[in-house]
Amino acid sequence: MNIDSIKNGIVIDHITAGKGMEIYRLLGLETLDCSVALIKNVVSKKSGKKDIIKIDSDFDVDTDILGFVDHDVTVNIIKDGKIAEKKTIELPNELTNVLKCKNPRCITSTEQELPHIFRLTDKEHRVYRCIYCETKAK
Amino acid sequence: MQMRSLIDISELTTKEIEELIGVANDIIASPQKYSKKCSGKKLATLFFEPSTRTRLSFEAAMLELGGSVLGFSEAQSSSASKGESVADTSKVISCYADIIAMRHPKEGAPLVAARNASIPVINAGDGGHCHPTQTLADLLTIYREKGGFDNLTVGFCGDLKFGRTVHSLISALIRYKGVKFVLISPNELKLPGYVKDKLDNAGIEYTETDSLENSIADLDILYMTRVQKERFFNEEDYLRLRDTYILTPEKMALAGEKLRVLHPLPRVNEISVAVDDDPRACYFKQVLYGKYMRMALILKLLEVK
C-alpha cells in the first residue's frame, strides 16, 4: 500500500501496532482539515508490526499524550520533504484531561468543569494518580 | 498570589513538623504569650459535612490566638446547596477571611480550594483521603508521650481503607528512622494500594494481620479507628464490619507498659469506656494537643511571628 510522502507536516512513527487509532482519537486528529493517514500493521524490522500516522500540516502534537500512550514512538517534523527535527518522547509528569478519574468520591465526579489532572508517581511502573484523590489511573 | 496551604501532611518537611511541635509545646508552656498573635485576623471554617469537634478545635485555636471566626457547618447552609463550585466559594471567601479551614465529603476539594483561593487553605478532612491536622495532633501526642518518633512500632487497627487519619499519619511517620507498622484490619478494610506504595517506596517494614490480640504486645503505639458509616455505600457492609475490633481491658492486659493508645475520635464502641482510666489511654489528651497544633499551624500559614 502506498501513501504519498508529505512535504510539510508530521510523521508519528514506530507506534505500537494497534495503538494508532487511540492516538488518533486522543490527539483529536478527526477535527483537522488537512490530509491525515493512519496506517496500521506496517511491516517493521524492529518490532514486526507498527502503526504510522502522517499529518499533512504543521500540527502542534501533544507529546504528553504520546508519551503516556506509547512512549516508544518517534515524531518526525517534515519540512520541504525532509526530516527537519526528530522529537524524542518521554513519559510526561502530568496529564491534563487525557484520563478521567473514576473514583466516585473524587471532587471531579461532582464538579464537571474541573480539569482531570494525573501526575506520574512511579516512573518505573508508569503509575499515574489523580492529583485530587490519588486514585491510580487504569 | 497563591498562599501556602496545607492539603496533605507530606507537604510539610520534617523540619517544619518539628518547628510546629516546638511552637505547640511553647503554647502549652506559655499560652498568654500567644493570646493576641492573631488579633484582627479571621478564620473561615467551611464545613461541607458536619464535624463538630474538628470545627470547634479550629475555632477554639483561632479564638485562643486572639482572632475571630466565621463560616458554616454543613453544605445546606452554604452556597454549595445552590450549586456553587468549590473554586468559586474559595474565591469569594478569600475576600472575607485571612485563612480557610475546609472539610468536604469529596476527595480533593480542599486542593481545588487552595488552587483558587488567595488565602491559605487548611484541609480539615476530605472524604476518606487526608486529614493533616489530625495527623499533627497525633504527632504531638506521640512526641509528648514517647519523646520522638524513631524506632517506634505503630499498630493501626480497624478501618484502614477509608480511615484518612491513618493514611495521613503513615505518610508522616515513614520519614523517621526505624519505624515499623502493624496493620490490623479485616480483609475488606485493608490499607489502600497508594498508601502501601508509599511504604514500599520508603522501604518501611510492615505486617498485615487480622488479629489485635496477637499483635498488641509488640506495639509502642496503638492507633484505633472507628468504622465510619458515612464511608459505606451499603448499610449491610457497615453493620457487618462495625464490631470487628473492640479494645477492652482484657486486650490491654496483653500489652506492655510502653503502649500508648490513640484514637482520632469520635469513638462508637471500638474502645470500651473501661479503658479510659488506663494511664496508657491518650485519646483525650490527643484532642487537646490537636488544638495546640492547629494554633501553631495557623501562625505558620499566616506567617505570624
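**Some remarks on the overall build of chain A**
Within chain A one finds two helices and eight strands. In terms of its C-alpha atoms, chain A occupies a principal-axis envelope of roughly 50 × 30 × 25 Å. Residue burial in chain A is summarised as follows: out of 138 residues, 26% are buried. Considering only contacts in chain A between residues 6 or more positions apart, those separated by 24 or more positions represent 58%.

**Let's talk about the pairing of strand β3 (residues 99-104) of chain B**
Residues and elements named next belong to chain B. Burial runs high along β3: six of the six residues are buried. With burial as the criterion, each face of β3 is covered, one bearing Ile-99, Ala-101 and Arg-103 and the other bearing Ile-100, Met-102 and His-104. Judged from the five bridges that link them, strand β1 (residues 42-47) and β3 form a sheet pairing that is parallel. Residue pairing in the sheet places Leu-46 in a bridge with Met-102 of β3. In this structure, β3 lies alongside strand β4 (residues 121-126), joined through four bridges in parallel fashion.

**Overview of the domain arrangement of chain A**
Interfaces are frequently sized by the accessible area removed from exposure as the parts join. When its domains are assigned, chain A resolves into domain 1 (9-88) and domain 2 (94-130). The distance between the C-alpha centroids of domain 1 of chain A and domain 2 of chain A comes to 25 Å.

**A word on the nonpolar core**
Residues and elements named next belong to chain B. Membership of the largest hydrophobic core comes to 101 residues, with the highest contact counts inside it found for Ile-100, Tyr-223, Met-293 and Ile-298. Top contributing element to this core by residue count: helix α11 (residues 283-301), with eight residues. Sequence-distant contacts of Ile-100, defined by excluding residues within four places in its chain, comprise Ala-44, Leu-46, Ser-90, Ile-93, Ala-113, Ala-117, Ile-119, Val-121 and Ile-122.

**Examining the domain arrangement of chain B**
Residue and element names in this part refer to chain B. Segmentation of chain B into domains returns domain 1 (9-131 + 290-301) and domain 2 (132-287). One C-alpha centre belongs to domain 1, the other to domain 2, and the line joining them spans 24 Å. Each side of the interface is counted separately: domain 1 has 21 residues, and domain 2 has 22 residues. When residues of the side of domain 1 that touches domain 2 are traced back to their parent elements, those giving at least two are α1 (14-29), β4 and α11. For the side of domain 1 that touches domain 2, the class distribution of residues is eleven nonpolar, eight polar and two charged.

Cut-offs used in this document
- Residues numbered from 1 in each chain as written.
- Chains lettered and ligands numbered in written order.
- Predicted model: local features only at pLDDT ≥ 70, side-chain atom pairs only at ≥ 80, totals over all residues.
- Helix = DSSP H or I, 4+ residues; strand = E, 2+ residues; numbered from the N terminus.
- Buried ≥ 20, exposed ≤ 12 C-beta atoms within 10 Å, placed from the backbone.
- Contact = placed C-beta atoms within 7 Å.
- Pairing = 2+ DSSP bridges.
- Domains from an automatic or database assignment.
- Core = buried A, V, L, I, M, F, W, Y, C linked by C-beta atoms within 7 Å.
- Nonpolar A, V, L, I, M, F, W, Y, C, P; charged D, E, K, R; others polar.

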